[in-house]
Structures are given as C-alpha cells and as structure tokens.
Amino acid sequence: MTLDDLRVFVAVCRAGSLSAVARDLGCTQSAVSQHVRRLEKQTGTGLLERHARGVVPTEAGRILQAAAADGIAGLDGALRRVDELVHGGGTVRVTTGATTVRHFMSEAVVTFRRNHPEVSLEFQTENSSRSCFDALAADDLDLAWITIGGPVRGIEQRPVMRLPWVLAVGADDPLAARARLDPADLAGIRHIRLPENSASRAHLDAAFADAGIRVSSDTSVADWDTALLLAELGLGHAVVPALPGWQVPGSDGPLRLVPIPALPPLAVGWAVRRWAALAPPALAFADEVARSCRARAAGQQ
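Fair warning: this is a prediction, and the values are worked out from it, not measured in the lab.

How each quantity is defined
Per-chain numbering applies: the sequence of each chain, read as written, is numbered from 1 onward. Whole-chain, interface and lining totals are the exception, using all residues; otherwise, since this is a predicted model, local features are given only for residues with pLDDT of at least 70 and side-chain atom pairs are given and counted only at 80 or more. Values shown for side chains rest on all heavy atoms present in the structure; no hydrogens or waters enter the calculation. Every helix listed is a DSSP run of H or I at least four residues long, and every strand listed is a run of E at least two residues long, numbered separately from the N terminus. The contact criterion used throughout is that any non-hydrogen atoms of two residues lie within 4.5 Å. Axis definition: a line fitted to C-alpha atoms, over the contacting stretch in the case of helices. Angles run 0 to 180 degrees between N-to-C directions. When an angle is under 35 degrees it counts as roughly parallel; over 145 it counts as roughly antiparallel; between 65 and 115 it counts as roughly perpendicular; any other value is oblique. Put simply, Ala, Val, Leu, Ile, Met, Phe, Trp, Tyr, Cys and Pro go in the nonpolar bin, Asp, Glu, Lys and Arg in the charged bin, and everything else, Gly too, in the polar bin. A side-chain nitrogen of Lys or Arg and a carboxyl oxygen of Asp or Glu constitute a salt bridge if their distance falls within 4 Å. Burial classes follow relative accessibility: with a 1.4 Å probe on protein chains only, a residue under 20% of its type's maximum area counts as buried, one over 50% as exposed, and anything between as partly exposed.

Asker: With reference to specific residues and values, describe the environment of proline 57.
Answerer: Here proline 57 shows up in strand β2 (residues 54–57). On a C-alpha basis, the gap between proline 57 and glycine 16 in space is 8.5 Å, while along the polypeptide they are 41 residues apart. With residues up to four places along the chain from it excluded, the contact list for proline 57 reads Cys13, Leu47, Leu48, Arg62 and Gln65.

Dropping the structure here:
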C-alpha cells in the first residue's frame, strides 16, 4: 500500500469512475485499476462495486476512503506549511460562495494584502456550505466561509457573526412602509426562494415551519444578490440575511429592507479541518475577516 494507491483510490471514490480519474491523471484505466487492486489485496476485501454507470465504494471502501482522505489532506497541508517555513511567503486558499468575498471579505482582503504582501490569496467558488465542506476535505484548502450548521465529521466550525433576516421588497409594495415585520406578515408574500440545497434556505424553511408559515413561490435564485435584484424589479419578495454594511431599514431607491426580528438569525463563519494545524498566514486572514465583519456589523447598530 502506497500513498499513490490511496490518492488514486480516494479520487476514484469521489469521481465514481475509473476512466475519469485516468483522464485526470493522464494514464490508462488499467493503471488506475492496479492501484485499487493493490489496496484490495492488502486489505483482503473488495473496496469498489462496479455498476453500469461507474463505481461506488463498498462499506469497507467507505471506511478506507474516509481515513485516507483525512490523512492525505493533513499530510498535504503539513508539506505545504513546511515549504512555506523553509522558503517564506505562502498561500492562503479559501473556498466560499460566489458573492461572499464582496459582502464579507472585501475590506479584510485589502488589509491583509497590505500587512502580508508576500502571501498569495486564492479563492475557490462553491455553491453551498456542503460543497465547501467537500472541497475542504478533498483539496489542499485552508479555510471555508460557510453558513454554520450541525457538526460535520472531520471539520471544525467557528461562528463569526449572526445575521438578522430582512424582507427585501419594492418601495411601492404595501409591506415597504412597515418599520418591522412579524413572521405571520409573510404568509401572503410571493417568495423568491434562496438557493436550492443551501444551508441558508434550509435555515429559513425551518424557521417558517416552526412559525407555521406557508409561503408561495414561483421563483428561485442561485444567490442572495439575485434575490435582491428580482425583488427590486417587483418580481416578488425576498427574505434574505442582512449583510455587513447594509442599512436596515433601508429606504433609498426602489428597494426597501424591512427587519423581521422574530426569525432566528443566520450564523456564518469559518470552517477548517483543524484550527491547530493552520499555518500562520491562514490564521491571520481568518482573524482579519472576523475583525472586519464584526466592526462593520457594530457600525450598523
């Protein structure tokens, strides 16, 4: 059993295909199969089930995949940190949603770049917290900015701030004149739903269910910014988190933001594999983003 065997096996489990991994590695499918067969010979059991559309790990395969993925990610991170220690500089790799950098990190990025000019920043876009967790576990990433939820195996989560909910609505809508709304006031809205499978949508749907609120919807979006745009255009009502820097209530222009204080706030923050294993630049960037977000939130109050 070699490290290459384990890397290839983990890649096959994630891709669900021997041929896809062979293409990625620039080798033959037979070479990929040899890595898997060596592992099966050493473990004494089958690790993959072959199906018409690809492969899936057996129960034994899932156990080995989880352990190998954790070990490989930790080893890759350690090797990168050793290289940074020897050669200086380094890179902070972050995975997050498409609009997160603008809403949560813009000031922090400028400050971090000024204080750490020798460190590179890399951002990888994902479309949900679940995707961020998967990317964090699979790739050589340092940090993931996520909606905080339940425990996730092999991941440490750290809340940074809690975002209250607001109703985004056109200024000529009857609800736009309200200083605040109760959940019951939302029963008749034409709801612009948040991204499918996103943690923020699950959080909001659960809050609606707890309040006994049923809303109709004929529109869904991929991100909060699009929800705001559609609400501004009069195509519906968007219930979204009040992001740092927003003025709430907001009355300028064609869009109105009306607080809904009774809805449980949405917690957002950082996820990592292990805080204790992060390199100093990554820790510094995480701390700078947290400081910036909290300062902007305090300025809204």
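Don't stop here, the text continues.
Asker: How would you sum up the packing of helix α1 (residues 3–15) against helix α3 (residues 29–43)? Please name residues and give values.
Answerer: Where α1 meets α3, the closest approach of the two axes is 9 Å, and the angle between their N-to-C directions is 110 degrees. Classified by the interaxial angle, the pair formed by α1 and α3 is roughly perpendicular. Within the contact between the two elements, α1 uses Asp4, Asp5, Leu6, Val8, Phe9 and Val12 and α3 uses Val32, His35, Val36, Arg38 and Leu39. Tallied by class, residues from the contact of α1 with α3 come to seven nonpolar, one polar and three charged.

Asker: Run through the pattern of salt bridges, naming residues and quoting values.
Answerer: Tallied over the full model, the rule gives nine salt bridges. The salt bridge partner of arginine 190 is aspartate 218, with a shortest N-O separation of 3.0 Å. Of this pair, arginine 190 sits in strand β8 (residues 190–193) while aspartate 218 sits in strand β9 (residues 216–220), and the two are 28 residues apart along the sequence. Assessed through its relative accessible area of 52%, aspartate 218 is described here as exposed. One salt-bridge network, held together by shared partners, links Arg193, Arg201 and Asp205.

None of the figures reported here should be taken as evidence of function without further support.
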